[in-house]
Amino acid sequence: MLQIPEHKIPITEIETNFDVQIFVKREDLIHQKISGNKFWKLFLNVNQYLESKPQNPLLITFGGAFSNHIASVSAFGKEFGIKTVGIIRGNELENNWQENPTLSEASKNGMDFHFVSREDYQNKEKLTENFSNQYPNSLIIPEGGSNESAVEGVQYMLGNDTKDFDYLCTAVGTGGTIAGISKFAEAGQKVLGIKVVRDDSLEKTILEWSGKGNFELVNADENRYGKISEENVRFINWFFDEYQIPLDPIYTGKLMQTIFELAQKGFFPKGSKVLAFHTGGLQGIKGANLFLKNKGRELISLNL
Ligand SMILES: Cc1ncc(COP(=O)(O)O)c(C=O)c1O
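Residues numbered from 1 in each chain as written. Predicted model: local features only at pLDDT ≥ 70, side-chain atom pairs only at ≥ 80, totals over all residues. Heavy atoms only, no water.

Per an unreviewed UniProt entry, the chain goes by the name 1-aminocyclopropane-1-carboxylate deaminase and belongs to Epilithonimonas lactis. Per UniProt, the comment on the chain under Cofactor (unreviewed entry) is "pyridoxal 5'-phosphate". UniProt, in the comment section headed Sequence similarities (unreviewed entry), describes the chain in these words: "Belongs to the ACC deaminase/D-cysteine desulfhydrase family." (UniProt positions renumbered as here; feature names shortened; annotations may be inferred.)

J.: Outline the site of the ligand, listing residues and values.
T.: Surveying the vicinity of the ligand reveals 16 residues, the closest of which are K41, G173, T174, T177 and T279. G176 places a main-chain nitrogen or oxygen 3.3 Å from an oxygen atom of the ligand. In the model, a nitrogen atom of the ligand is placed 2.6 Å from a nitrogen or oxygen of the T279 side chain. At the level of secondary structure, the elements contributing two or more residues to the shell around the ligand comprise helix 1 (37–51), strand 7 (167–172) and helix 7 (176–184). Element by element, the count of residues in the shell around the ligand is highest for helix 1, at three residues. (Near = heavy atom within 4 Å. Polar contact = N/O pair within 3.5 Å; in protein donor to acceptor, adjacent residues only side chain to side chain. Helix = DSSP H or I, 4+ residues; strand = E, 2+ residues; numbered from the N terminus.)

J.: Account for helix 3 (residues 101–108), naming residues and giving values.
T.: Of all the positions in helix 3, only P101, T102, L103, S104 and A106 are classed as buried. Its side-chain oxygen 2.9 Å from the backbone nitrogen of T102, N100 forms the N-cap of helix 3. Phi turns positive, to about 100°, at G110, one or two residues after helix 3. (Buried < 20%, exposed > 50% of the residue type's maximum accessible area, 1.4 Å probe, protein only.)

J.: Tell me what's going on with the domain arrangement of the chain, and back it up with residues and numbers.
T.: In terms of domains, the chain is made up of domain 1 (11–33 + 149–294) and domain 2 (38–145). Summarising the inter-unit geometry, the C-alpha centres of domain 1 and domain 2 are found 25 Å apart. Taken together, the contacts link 21 residues of domain 1 with 21 residues of domain 2. The junction of domain 1 with domain 2 conceals about 1800 Å² of combined surface from both sides, 60% of it contributed by carbon and sulfur atoms. In this assembly, domain 1 and domain 2 are joined by one salt bridge. We note a salt bridge from K33 to E105, for which the minimum N-O separation is 3.3 Å. The interface formed by domain 1 and domain 2 includes eight residue pairs in polar contact (both at pLDDT 80 or more). The set of elements that each furnish at least two residues to the side of domain 1 that touches domain 2 consists of helix 6 (148–153) and helix 11 (284–294). Classifying every residue of the side of domain 1 that touches domain 2 by side-chain character gives seven nonpolar, ten polar and four charged. (Domains from an automatic or database assignment. Contact = heavy atoms within 4.5 Å. Buried area = accessible area lost by both parts, 1.4 Å probe. Salt bridge = Lys/Arg side-chain N within 4 Å of Asp/Glu carboxyl O. Nonpolar A, V, L, I, M, F, W, Y, C, P; charged D, E, K, R; others polar.)

J.: Give me the UniProt feature "active site" (unreviewed entry) in the chain: which residues, what numbers.
T.: In the numbering used here, UniProt assigns the "active site" (unreviewed entry) feature to S67. Mapped onto the elements of the fold, S67 is located in the loop between strand 3 (58–63) and helix 2 (68–80). Given the relative accessible area of 9%, S67 is considered buried. When neighbours within four sequence positions are excluded, S67 is seen to be in contact with T102 and Q283.

J.: Give a detailed account of the sheet that holds strand 10 (residues 273–277), specifying residues and quantitative values.
T.: Ordered in space as 1-2-10-7-8-9, the six strands form an open sheet in which the pairing is mixed. Either end of the sheet is taken by a strand with one partner, and the two such strands are strand 1 (11–14) and strand 9 (215–219). Neighbouring strand axes in the sheet, compared pairwise and without regard to direction, differ in orientation by 25° on average. Where strand 7 meets strand 8 (residues 190–195), six bridges bridge the pair, whose relative direction is parallel. Across the sheet, residue L168 finds its bridge partner in strand 8, namely V191. Strand contacts of helix 8 (residues 202–210): strand 7, strand 8 and strand 9, with the helix running at about 155° to strand 9, the strand carrying the most contacts. (Pairing = 2+ DSSP bridges. Axes fitted to C-alpha atoms, helices over the stretch in contact; angles between N-to-C directions.)

J.: Could you give me a rundown of the UniProt feature "modified residue: N6-(pyridoxal phosphate)lysine" (unreviewed entry) in the chain, with the residues and numbers involved?
T.: Listed under "modified residue: N6-(pyridoxal phosphate)lysine" (unreviewed entry) in the UniProt record, and renumbered for this structure, are K38. Position of K38 among the secondary structure elements: in helix 1. With residues up to four places along the chain from it excluded, the contact list for K38 reads N68, H69, S72, T279 and G281.

Okay, here's the thing in structure tokens:
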């Protein structure tokens, strides 16, 4: 069984000229490699699995080549001594995954890979069935790590220190994190999700997991998953110079830029206290920079 780690996550105020106060909760600092929401989304899932005392425990999950979730599951396995397998989208990576920073790090953490074609990857039910037949004692974690236990695990991101904020904001991918924030928020707190994927079913999924209607979703301007705009790269570099807080270009960079835009437009009532959860994802910067370099574009230069 895993113990809930002692954790004291700082909340930092961001000095701006807006008529609201903006703060960041640095969940990215919870663990160097299993940052932010991923830690808590995995925590109860793995704990419940270990309670059943499986022989040779094994975590199996899915993800793309630059996935934060793949990086986190591999690091979680390494930290707690559990074997991990990643089912990776795109069998073209089979011969050159070593050049991919996320996968080479995951491999160093002890993860084994199964590469599948993009077509086969779409059929998760079939893949899950095949892998659970092959590894009957394993825990198969869904892509992005979101399920009911993940939603429950997100409660550890909230506490006495988050009670006084009017808005709790997070980036939204598969919806598990915002569902947990919504479920465990105080009465009267508003939960704001910045969507970074195009998925019209998200609202319904989140409502099912959370059971509460206290959340609202807003599209990030560049709301296509994996798309990195020049403007957002500039914002991330500026934000780091200004506040010394690193952001990633897929989730937290879009989250903070959108919050700034909303504050500028007067979306939040004057005097509101707005808290953004920094959910990590910084491992993705290396991969993003490879892509930006190939295109001859400005790089994310955070000097980490
Ligand atoms: C850094 C980061 N922030 C936010 C999210 C969104 O979380 P969720 O998929 O639970 O909506 C993810 C995806 O897990 C992520 O990697």
